[in-house]
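Residues per chain are reported as follows:
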Amino acid sequence: MKKVVFFLMLFFEVFYIQAQSKVETSKIIFSDSDIQLDGKLDEPIWNKLIPEGEFLNYIPNNGDLASNETEVKMFHNGKKLYISAVYYDTTNKVQIGSLKRDDIGNSGANSDSFAIVIDTYNQQQSGYFFIVNMGGALVDALVSRKGDGYWLSRSWNAIWNAKTSVKGNQKIFEIEIPLKALGYKEDNPNWGVMFHTRDIKTNEWTTSTKIDRNFSQFDLRLSKSFEIESLSDNKPTKFTITPSLTMDYQEDLVNKSEASNVKPSLDLQYNVSSSLKLDATLNPDFSQIDVDTQVTNLSRFAVFFPERRNFFLENSDLFTSLGVSGINPFYSRRIGAETDISFGLKLSGNVAKKTRLGILNVATKKEGSKPAQNYGALVVEQQLSNVFRTTGFIINRQETDGFSFLNDYNRVAGLNLNYNSKNNKWTGLANYAQSFTSNVSGDNKFYSLSLWYNSLKTSWKTSVRKVGRNYITDVGFVPRLDNYDAINQIIVREGYTQAAGRLSLTYFPKKSKKINSHKYLGLSNSTYFDEQGVVSQSSTNVNNDLLFNDNSLIYGGVGHNYVNLKFAFDPLRNGNYITPGVYNYYRFSAGYSSTRNKKMEYGGNYELGSYYGGSRKRLIGRIEYKLMPLARLYLRYERNDIDLKELGSDTFHLARFTGEVFFSNRLNWTTYVQYNTQFDNFNINSRLQWEYKPLSYIYLVISDNFNQDIMRQNWGVAFKMNYRFDF
C-alpha cells in the first residue's frame, strides 16, 4: 500500500505547476470594547479600526473594481468576533428574497446581503460560512472540500446574531459571532477570511479577494490570511442539551387505522475542545424536516436524495466525501430508513492542526421482522503537505440482538489520496476501497482515478472507475451495481468499469453591455463496460450556454445514448417490458432562465427525442413570485410524454408548489404541495416554524397524502417543541 501511495503522489506531481504569490496578511485586533448590536456602528472602536476595502467584481464584470465600495472592519474581545460592513449603494432601496433562516438561495443570493467565510485552520479544507440579508435573515453553513471544488452543508447551525440598517444610501451590517461557535487552535492564530457583498438590484456579487468566475465564492484557497491578535483558548460551552417533545396523530384511511404518539427526545453536545465535538442523540424525532423534492425517474437506477437530519450534518464532509459521485461507501440516509433510531454518537473535528477525526455509532430498533442494527464509521483525514491530503476509513453495519453482535455484517475499508496544486488549476483524486460481507467473498474491490483541470476559459475532467460485483455497501450509495430484472423480478448484482470525460470552453467578451459569457462547447461522455469488457452504455452530450449580464440564461444541447440492455425494465409500470437488446436514442433540448432580481422569475426547457424503441417529450416550466417581505410563491411543472409503440404510452405529470409566508425573520409558515402521477401520489405538507429563542423551535406540521385521483390515503398532524440549554 505504501508503494501505491508513493506512485500516486508521483503521478499527480507530474501535473503540479508551482505558482508563487505574495501572501498578504491582515490583522484582527483584540479590544475589550463592548458592542450594542443595533446596526448603527456608533461605538468608538469602529472609528479606530483600519477598514478592508477595494472589493472586486465577481459577477458580472469579473476582476474589475467594484462599482460600489464596501468597507469591512473586524475585532474580537476574547469572547466574540465582531464584523461591520458598510456597502455604499447608489440608492436607499432594499431588496430581499426571503426572511427564512438558512434559505441560502433566497435569503442570501437573491437578496441584498453580506457574507463572511472563515477558515480557522487556514488549511483550505473546511470552514464556516455566514450570511445576513438586509431583512435580518441569517444563513450559516459549513464549507468543505468535494472533488475539485467546495460545497456547503446548510443544516449546520450556530448561535450568532446580526443587525442591519440603512443610513442614506449606505447599507450597514453589524455582526456578532461567538468565538466558541468556531473550532480553532490557540497556537494557530492565522485564519483564512473572505467577504462578499450581494446587490441583487444590480445583479452584482463583489468579493474582498480576487476570485475568477470559474471558482466558487466560498473556495477557501482564495481567502486572505488574517492574524488574530491575542487569540486565547476561548473555552466553548462545554455542554449543550436540547430536549424535545413530539406529539403526533396519524390516520390511515386505506387500512382504517389510527395512532397517536408522544415521543420525548434528547440531543446533547459536549465540546471536548474548541475544535473537537461529541454529539449524542437519544430517541430522535425528525418530523420537522423538509419533505423531499419528488422527481420523475425514467432511469433503471435509484435516485440520490440529500441528508436533512441535523445529527448527521455537522462535519458531514468527513463521512460523505469518502467515494465519488454515484459510488459512495457512506450514505447516512440508509441509517434509520427501515426502523427508528434508538441512539447515536458522533465525535468529529480536529485532533491536531493537520488531522481530522470522525467517529460515528448509531443503533436502530428491532421492529417486527426487521432486526436491530448497529452502524459505525471511523474516518481519519491527514494533511500530508500543502498539496496532498489522505483519508482512511472503515464503515460497518452489523445486526444486533440486545448487546450482542450477530454474524450478519457488511464492512467497507478504504484509502483516498487528494491532490490540489498551489495554482488551483489541477486537482487529482485516487480512491481504493474493499468491502467485507458475511457469506460473500471475492470481487469486492473499488478503484478510481480522477484528474481535473480548471482555468478561466478552459476546464476538463477525466476519470476511470472499477467496481467489483461484490463491492457491497449496505450503508452506501452505489445504485448502478444492482440491476433489476423486470421479467424475473429479481435484482442481479454486476460489476462494471466506467470511463468518463468532460470538456468546457468558455468565451468572455470584454466590455459587452449584454453578454457576460458564452460557453460555446460543453462536451461530456460517460461509458460503462460490463464484467466482460463489453460496452453496456455510453452517453454523449454537447451543450451550448449563453449567460447575459442580468444573469438570464439561454441554453441548448444534443445528446446521444447507446444502451446494450441486459435486463428488461418497465418504465411505464404497465407490465410491458423493454426487452434486452441494443438501443440508440437521441435528445435535443433548449431552455431559458430569467433574471433573478425581479418580483417575477421564470424559466423552462423543452426536450425532444427518441427513447429506447419509442419517443420521449419533456417539458419543464417554473415561475416564482415574490411579495416580500410578506411571502414567496413558487410553482414548478414537469411533463413527460413517453410512447413505446406496442409497449404502450403514458404521460407523467409532476407538479410542486411552495408557499412561504413570513411573519418575521423568526416566524414563518411553509407549505409544500406535490403531485406525481408516476408514483400515484398527491401530497400536502404544511409547517409553522417559530424560533422563539436562538436555535430553540416550536413546529406544527400537518401532512396529507392522496392518490393521483385525489382520494385521501392518510393524514397526520405533529407538534414539536425543543429548548436549547447551554452549560
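Placed above this text is the structure.
As the structure is a computational prediction, the values presented were derived from the model and not from experiment. (Residues numbered from 1 in each chain as written. Predicted model: local features only at pLDDT ≥ 70, side-chain atom pairs only at ≥ 80, totals over all residues. Heavy atoms only, no water.)

J.: Outline the overall build of the protein, supporting the account with residue identities and numerical values.
T.: When helices and strands are counted, the protein shows four helices and 40 strands. Considering only C-alpha atoms, the protein reaches an extent of 80 × 60 × 60 Å along its principal axes. Here the protein holds 727 residues, and the buried ones make up 52% of them. A fraction of 58% describes how many contacts in the protein between residues 6 or more apart in sequence connect residues 24 or more apart. Just so you have it, the protein exposes about 32,800 Å², and 55% of that area is on carbon and sulfur atoms. Distance from the positive charge centre (84 side chains) to the negative charge centre (73 side chains) of the protein: 4 Å. (Helix = DSSP H or I, 4+ residues; strand = E, 2+ residues; numbered from the N terminus. Buried < 20%, exposed > 50% of the residue type's maximum accessible area, 1.4 Å probe, protein only. Contact = heavy atoms within 4.5 Å. Areas by Shrake-Rupley, 256 points an atom, 1.4 Å probe, with all protein chains shown as cover. Lys, Arg positive; Asp, Glu negative; His and termini not counted. Charge placed at Lys NZ, Arg CZ, Asp CG, Glu CD.)

J.: Run through the nonpolar core, naming residues and quoting values.
T.: Within the largest apolar cluster, 37 residues are counted, with the highest numbers of intra-cluster contacts made by F114, F130, W160, I175, W191 and F195. Elements with a minimum of two residues in this core: β3 (70-76), β4 (80-88), β5 (113-119), β6 (126-133), β7 (138-146), β10 (170-178), β11 (190-199) and β13 (224-228). Leaving out residues up to four positions away in the same chain, W160 has contacts with R101, F130, I131, V132, L138, V139, D140, I175, E176, I177 and P178. (Core = buried A, V, L, I, M, F, W, Y, C linked by side-chain atoms within 4.5 Å.)

J.: Pulling in residues and values, what's your account of the pairing of strand β9 (residues 161-167)?
T.: As judged from the seven bridges shared by β9 and β10, these two strands associate in the antiparallel manner. Bridge assignment links S165 to a residue of β10, and that residue is I172. (Pairing = 2+ DSSP bridges.)

J.: Can you break down the side chain of N561 residue by residue, with the values?
T.: In this structure, N561 sits in strand β30 (residues 553-565). Note on N561: relative accessible area 17%, which makes it buried. Among residues more than four places away in sequence, those in contact with N561 are Q537, S538, S539, Y583, N584 and Y585.

J.: Hey, could you go over the pattern of salt bridges for me, with residue numbers and the actual values?
T.: A side chain of one charge can pair with a side chain of the opposite charge if their charged atoms are brought near each other. Counted under the stated rule, the structure contains 34 salt bridges. Residue R389 is joined to E381 by a salt bridge in which the shortest nitrogen-to-oxygen separation is 3.4 Å. The burial state of R389 is the same as that of E381; both residues are buried. Two residues, D474 and R397, come together in a salt bridge whose shortest N-O distance is 2.8 Å. Here R397 lies in strand β20 (residues 388-401) and D474 lies in the loop between β24 (458-467) and β25 (482-485), a separation of 77 residues in the sequence. For R397, a relative accessible area of 8% corresponds to the buried category. If you follow the salt bridges from partner to partner, you end up with K100, E601, R622, E624, K626, R632 and E660 in one network. (Salt bridge = Lys/Arg side-chain N within 4 Å of Asp/Glu carboxyl O.)

J.: Could you give an account of the environment of M628, with specific residues and numbers?
T.: Looking at the secondary structure, you find M628 in the loop between β33 (614-627) and β34 (631-643). Considered as a pair, M628 and T473 are 155 residues apart in the sequence and their alpha carbons are 46 Å apart.

J.: If you had to explain the pairing of β34 to someone new, which residues and values would you point to?
T.: When β33 meets β34, the two strands line up antiparallel, connected through 13 bridges. Along β34, the bridge assignment pairs Y625 with L633. Between β33 and the antiparallel strand that follows it, β34, lie three residues. Judged from the 13 bridges that link them, β34 and strand β35 (residues 649-662) form a sheet pairing that is antiparallel. Note that in β35 the partner of L633 across the bridge is G659.

J.: Can you explain the environment of K466? Please cite residues and give values.
T.: The topology assignment puts K466 in strand β24. Note on K466: relative accessible area 46%, which makes it partly exposed. Taking the C-alpha atoms as reference points, K466 and G495, separated by 29 residues in sequence, lie 7.8 Å from one another. Setting aside anything within four residues of it in sequence, one finds K466 in contact with K445, F446, Y447, Y496 and T497.

J.: Kindly report on the packing of aromatic side chains, identifying the contributing residues and their values.
T.: For the structure on display, the rule yields 35 aromatic pairs. Ring geometry for Y611 and Y612: centres 5.0 Å apart, planes at 90°, overall edge-to-face. Y611 gets classed as buried once you look at its relative accessible area, which sits at 4%. Of the residues examined, Y612 reaches a relative accessible area of 7% and is grouped as buried. These aromatic residues form a ring-pair network of at least three members: F569, Y583, Y585, Y611 and Y612. (Phe/Tyr/Trp six-rings, centres within 6.5 Å; stacked < 30°, edge-to-face > 60°.)

J.: Got a sec to walk through the side chain of S223? Specific residues and values, please.
T.: Positionally, S223 belongs in the loop between β12 (204-207) and β13. There is a polar contact of 3.0 Å between the side chain of S223 and the backbone oxygen of L220. With residues near it in sequence (within four places) discarded, S223 still touches N122, G192, V193, M194 and T209. (Polar contact = N/O pair within 3.5 Å; in protein donor to acceptor, adjacent residues only side chain to side chain.)

J.: Go over a nonpolar patch on the surface, please, and point to the residues and values.
T.: Together, I554, Y592, M600, Y602, I623, Y625, L627, L630, L633, L635 and F657 make up an exposed nonpolar region whose accessible area comes to about 920 Å². It is β33 that provides the largest number of residues to the nonpolar patch, a total of three residues. With respect to the secondary-structure elements, L627 resides in strand β33. (Patch = residues over 30% accessible without salt bridge, like charges linked within 9 Å, V, L, I, M, F, W, Y side chains within 5 Å.)

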